[in-house]
Amino acid sequence: MTPATPSNSEWLTRKLLIDGKLKAAGWRVVPFVPEKSLDSYAKCAIEEFPTASGPADYALCLGGQIVGIVEAKKLTLGPQNVLSQAERYSKGFPQPALQAGDFGVPLLYSTNGEVIWYHDVRDPFNRSRQIADFHTPEAVAEIIGFDFNAALARLKALPNKQAKLRPYQIEANNAIEDAIAARKRTMLVDMATGTGKTFTMVNEVYRLMKSGAARRVLFLVDRRALAAQAVRAFGSFDADQGLKFDKVYEVYSQRFQKEDFGEEEKFDPKVLPKSYLEAPKLGSAFVYVSTIQRMTINLFGREAAMRDEDAIDEDAEKLNIPIHAFDLIVADECHRGYTSSEAAIWRKTLDHFDAIKIGLTATPAAHTTAFFRDTVYRYEYERALREGYLVDYDVVKVRSNVRMNGVFLNEGEEVSLVNPETGSTKMDNLEDERTFDAATIEREITAPDSNRKILEEIKAYATEHEQQCGRFPKTLIFAANDLPHTSHADQLVDLARDIFGRGDSFVQKITGSPTVDRPLQRIREFRNRPNPGIVVSVDMLTTGVDIPDLEFIVFLRPVKSRILFEQMLGRGTRKGEKYPDKSHFVVFDCFDGTLLEYFRQSTAMTADPPTGVTRSIAEIVEDIWANRDREYNVRCLTKRFQRIDKEMHGDARADFAAFVPEGDLAAFARNLTAALQQNFTPAMGLLRNPDFQRLLQDYKRKPRVFFVAHTAQDEVSSEWLVRGLDGKEYKPDDYLAAFAAYVAAHQSDIDAIAILLKHPQKWNPEALKSLRDTLAATPQRFTVPNLQKAFELRRHKALADIISMVKNSADAQNPLLNAAERVDRAMSTIKDGNTFTADQLLWLDRIRTHLQENLSIDQDDFESQPVLSDFGGWGKAVRVFQGRLPQLIQELNKAIAA
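Residues numbered from 1 in each chain as written. Predicted model: local features only at pLDDT ≥ 70, side-chain atom pairs only at ≥ 80, totals over all residues. Heavy atoms only, no water.

Draft legend 1. Spatial organisation of unusual backbone geometry. The omega angle of the peptide bond from Asn 531 to Pro 532 is 5 degrees, so this bond is cis rather than trans. Within the element layout of this structure, Pro 532 appears in the loop between helix H17 (519-528) and strand S24 (534-537). One non-glycine residue, Lys 43, lies in the positive phi region at around 55 degrees. Topologically, Lys 43 is positioned in the loop between strand S1 (28-31) and strand S2 (44-49). If you check the backbone angles, Arg 781 has positive phi at about 55 degrees while not being a glycine. If you trace the backbone, Arg 781 turns up in the loop between helix H29 (765-776) and helix H30 (784-795). (Helix = DSSP H or I, 4+ residues; strand = E, 2+ residues; numbered from the N terminus.)

In structure tokens:
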């Protein structure tokens, strides 16, 4: 007879696994006694409870009523499909006070002791779902007493009229609420960086809380800086009756440090009491802002936390948090490219709670779309550009021979050798030539001349920008690394301070390095103050940081992740605050445009898989021992051994000789498959040896040496490109050729072009505006600044006016003029053969000033433009010109367009 085990006995599964889970949730597991009334079974899980359809394994009793049925199955069976059996028992026990259609018991559970499925059958549209644990009696009481349909009706009737909402943000709110009404429990909102995801969700949280559809809200972020930013967003949100959000509902957070907030900000975020997590109060309503790393520690302990020093708090501790602690979870910036093990922890943390879960992202990752399933709303970068909420970017390809081809050093060249562990440096002369390929730059070797020349190239563009716009462009440089003693970021800061010559405070490093004092305060200074004008970072400013006036982004860091690249680009897409004339930003691709080319085919739906090695060697060995995908895991282990052999110090071979012949781990790896096939048990004995596994983890590594190639010379050049609305980058020649082709193709069907080329007498401000708008909306984005730049680079004419550029593209014999030259020519035409009084000449000078800025004029301008209205406007000018002003305006417009 086979002994009863949890795998083949439902009864043992109940006793060893399910009883304990029910008791841990606060239910007393008791046998059914026919003589006892249900009133005596308070907070009890009654075993073998009789129904008309047979005995239920457990019946959850609360307030003298059966509120739940638990159907148990042995461990080896999946419980999902067993819910139908619980439904049968529910129908077999009618209860008038709880009756929902055929069902007399509203809450159904099925479990094998490990996995729990749950179904609230009171509404036919409610979906069954897997939950992490049983609901507590308090949670069940709240579920039974909550009328979700009434809350949805209140939500639907609630006007969405927050004054600062943009149309697409209202669309996002509507989409979320429609998904919740459709009983979706997970959903993704994908909105381009800079379009106000957090504000949109703060408004949504307020609406859900006001309607009662949500009460206890967890707002999850993955960095402490984003947590502080979210607390500020809730605190500044205008709720009803002139009150801020945090004056209507409690807003709590994890513990912050003073430097997490600006010096001008009131530093009083409320820290959430532990009781709110461990013993949620029924009917309470609050928002808790936390990093996911902290919540992971609260749920599973510090050993389970993702290794992010920025987000882990020393005071975080493991707590006993029930699954109903929150009924709504918002995961902000949920795109992050975690490793596989981190993604598993991220998912486990979210899965713990029985709540509606909304993910926010601008760049969906594979683990994000897999978890949240349905993207209920998407607002793309391209649409935001069309609607004027974000700005586009131009591209400068910076070609560096070193970045593209690496460094070649000749025999006898002098280099510095840096010990990355200690920072000690010694000079050396190479005894033989050496080649370092491009992938090793800033990792194994640096060429200071290359970094200097690239920064000098950037400076040339910054100087041009400053001359044209009257301000230095806020510049963010992404360095390859910020490692101790060999920091690329430190080298760039030092060189930039020398090259730009504006003092140390003008160029700053902002990274997560301990050498950076108060990095969050530095970020706020970069955002709000003139200094620093240039910041060098690695990854601290890649996501969630709002720098609206940023105008230059420099990629000196190779990037292969679409998510990371789009997030880095997203730092520049916001419209300017201090500089409302910010029309675009400039991306400097210091890898000859290959970064942009690499991501050209990437779309918002391209998914980056989680990256990085996640399993330990011990875990792989145990998988081989348990015969879990043995062939695959043997291959994985072989590769690990080969990698260790390449990385080990020579002395390590003596240590490994205690386990493998001559300490030759590479030979051992080559023979591993055969050894396991021929002598499995002895081979596994070695692989499972704790001392061998410890050595595989802590073997002596070969010493790293970092080269500084002082004499290596780089060749650096650059080329400005225009990025069209079609996503393509155009060289100036190609851009001008495309513009000429466009003009030629639309001489008849675009009125403004036809007027310039055939009917100049019809030129007026309306035609000018139509021309600018039409050209800017083309796939090539023919804006005036872009065309002017291209004409200057290839036709050597600075600031050519839009009329000249159209006419010259149609016929190269037409001269290129700037606005002042065109207006002067038009004025000469008007004055030729005519005599004007002194007052009339004075008015003509005022009109000249207006035309130099606007290239056309009509009657309305005399009342709306200060240069004309301040001196009496249309009425005064008509009298001065003795009624000839309308004819004069028509002649001027014709002369301008000629």
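Having seen it, we continue.
Draft legend 2. Seen up close, the sheet that holds S24. Pairing in this open sheet of eight strands is mixed, and the strands run S23-S24-S22-S25-S26-S16-S28-S29 from one edge to the other. Looking at strand neighbours, the two that pair on one side only are strand S23 (507-509) and strand S29 (729-730), the edges of this open sheet. Two elements, S23 and S24, share three bridges in a ladder whose sense is parallel. For Val 507, the partnering residue across the bridge sits in S24 and is Ile 534. (Pairing = 2+ DSSP bridges.)

Draft legend 3. Structural context of the environment of Val 535. As for its placement among the helices and strands, Val 535 is situated in strand S24. Sequence spacing of Val 535 and Val 67 is 468 residues, and the spatial spacing of their C-alpha atoms is 60 Å. Dropping the residues within four chain positions of it, Val 535 is found in contact with Thr 475, Leu 476, Ile 477, Gln 508, Ile 510, Phe 526 and Leu 541. (Contact = heavy atoms within 4.5 Å.)

Draft legend 4. Local environment of the nonpolar core. Ranked by size, the top nonpolar core spans 82 residues in total, and within it Phe 588, Phe 739, Trp 763, Leu 771, Ile 802, Ile 847 and Phe 862 carry the most contacts. Other than its neighbours up to four places away in sequence, Ile 802 contacts Leu 768, Leu 771, Leu 775, Val 784, Leu 787 and Leu 855. Judged by nonpolar contacts, the second largest core, of 77 residues, contains Met 540, Leu 541, Met 568 and Val 587. (Core = buried A, V, L, I, M, F, W, Y, C linked by side-chain atoms within 4.5 Å. Buried < 20%, exposed > 50% of the residue type's maximum accessible area, 1.4 Å probe, protein only.)

Draft legend 5. Structural detail: the packing of helix H27 (residues 732-745) against helix H31 (residues 802-810). At a closest axis distance of 8 Å, the pairing of H27 and H31 adopts a crossing angle of 80 degrees. By the criterion of interaxial angle, the relationship of H27 to H31 is roughly perpendicular. Residue-level inspection shows Phe 739, Ala 740 and Val 743 of H27 in contact with H31, the latter providing Met 805, Val 806, Ser 809 and Ala 810. A breakdown of the residues in the contact of H27 with H31 according to their chemical character gives six nonpolar, one polar and no charged. (Axes fitted to C-alpha atoms, helices over the stretch in contact; angles between N-to-C directions. Parallel < 35°, antiparallel > 145°, perpendicular 65-115°, else oblique. Nonpolar A, V, L, I, M, F, W, Y, C, P; charged D, E, K, R; others polar.)

Draft legend 6. Just the pattern of salt bridges, in detail. For the structure shown, the criterion picks out 52 salt bridges. Note that Asp 120 is salt-bridged to Arg 122, the shortest N-O span being 2.7 Å. Across the pair Asp 394 and Arg 781 runs a salt bridge whose closest N-O atoms are separated by 2.9 Å. Here Arg 781 lies in the loop between H29 and H30 and Asp 394 lies in strand S16 (residues 392-400), a separation of 387 residues in the sequence. Accessibility expressed as a relative area gives 3% for Asp 394, which makes it buried. Residue class for Arg 781 comes out buried when judged on its relative accessible area of 7%. (Salt bridge = Lys/Arg side-chain N within 4 Å of Asp/Glu carboxyl O.)

Draft legend 7. The confidence of the model for the protein chain, seen in detail. The share of residues in the protein chain with pLDDT of 70 or more is 93%, and the mean pLDDT across the chain is 90. Here residues 1-7 is modelled with pLDDT under 50, and outside its nearest four sequence neighbours on either side it reaches 13 contacts, counting other chains as well. Confidence over residues 603-611 falls short of pLDDT 50; this stretch has 27 contacts with residues more than four positions distant or in other chains. (pLDDT = per-residue confidence, 0-100.)

Draft legend 8. Molecular detail of the packing of aromatic side chains. Inspection of every chain in the model, using the stated rule, returns 47 aromatic pairs. Ring centres 5.8 Å apart and planes at 80 degrees place the aromatic pair Phe 472 and Phe 500 in the edge-to-face group. Placement of Phe 472 in the loop between helix H15 (448-469) and strand S22 (474-478) and of Phe 500 in helix H16 (residues 488-500) is noted, with a sequence separation of 28 residues between them. Each member of the pair Phe 472 and Phe 500 is classed as buried. Taking the centre distance of 6.0 Å and the plane angle of 5 degrees together, the rings of Trp 625 and Phe 680 count as stacked. Separated by 55 residues along the polypeptide, Trp 625 in helix H20 (residues 617-625) and Phe 680 in helix H25 (residues 680-687) bring together distant segments of the chain. Feature note: the residues Phe 199, Tyr 206, Phe 219, Phe 234, Phe 237, Phe 245 and Tyr 249 constitute an aromatic cluster, connected by ring pairs. Note that Arg 701 overlies the ring of Tyr 699, its terminal NZ or CZ placed 3.7 Å from the centroid. Between Arg 846 and the ring centre of Phe 871, over which it is positioned, the NZ or CZ distance is 3.9 Å. (Phe/Tyr/Trp six-rings, centres within 6.5 Å; stacked < 30°, edge-to-face > 60°. Lys NZ or Arg CZ within 6 Å of the ring centre and 35° of its normal.)

Draft legend 9. Spotlight on empty space enclosed by the protein. Applying the stated criterion to the full structure yields two cavities of 30 Å³ or more. The computed volume of the second largest cavity comes to approximately 30 Å³. Taken together, Ile 180, Leu 208, Ala 213, Ala 214, Asp 327, Leu 328 and Ile 356 make up the lining of the second largest cavity. (1 Å grid on protein atoms, 1.4 Å probe; cavity = no way out; pocket = protein on both sides within 12 Å on 5 of 7 lines; lining within 4 Å. Points joined across faces, edges and corners; volume = space filled by probe spheres on them.)

Draft legend 10. Inspection of a negative patch on the surface at higher detail. A surface patch of like charges, here negative, comprises Glu 411, Glu 431, Asp 432 and Glu 433. Within the secondary structure layout, Glu 431 lies in the loop between strand S19 (425-429) and strand S20 (434-436). Taking relative accessible area as the criterion, Glu 431 reaches 74% and is therefore assigned exposed. (Patch = residues over 30% accessible without salt bridge, like charges linked within 9 Å, V, L, I, M, F, W, Y side chains within 5 Å. Areas by Shrake-Rupley, 256 points an atom, 1.4 Å probe, with all protein chains shown as cover. Lys, Arg positive; Asp, Glu negative; His and termini not counted. Charge placed at Lys NZ, Arg CZ, Asp CG, Glu CD.)

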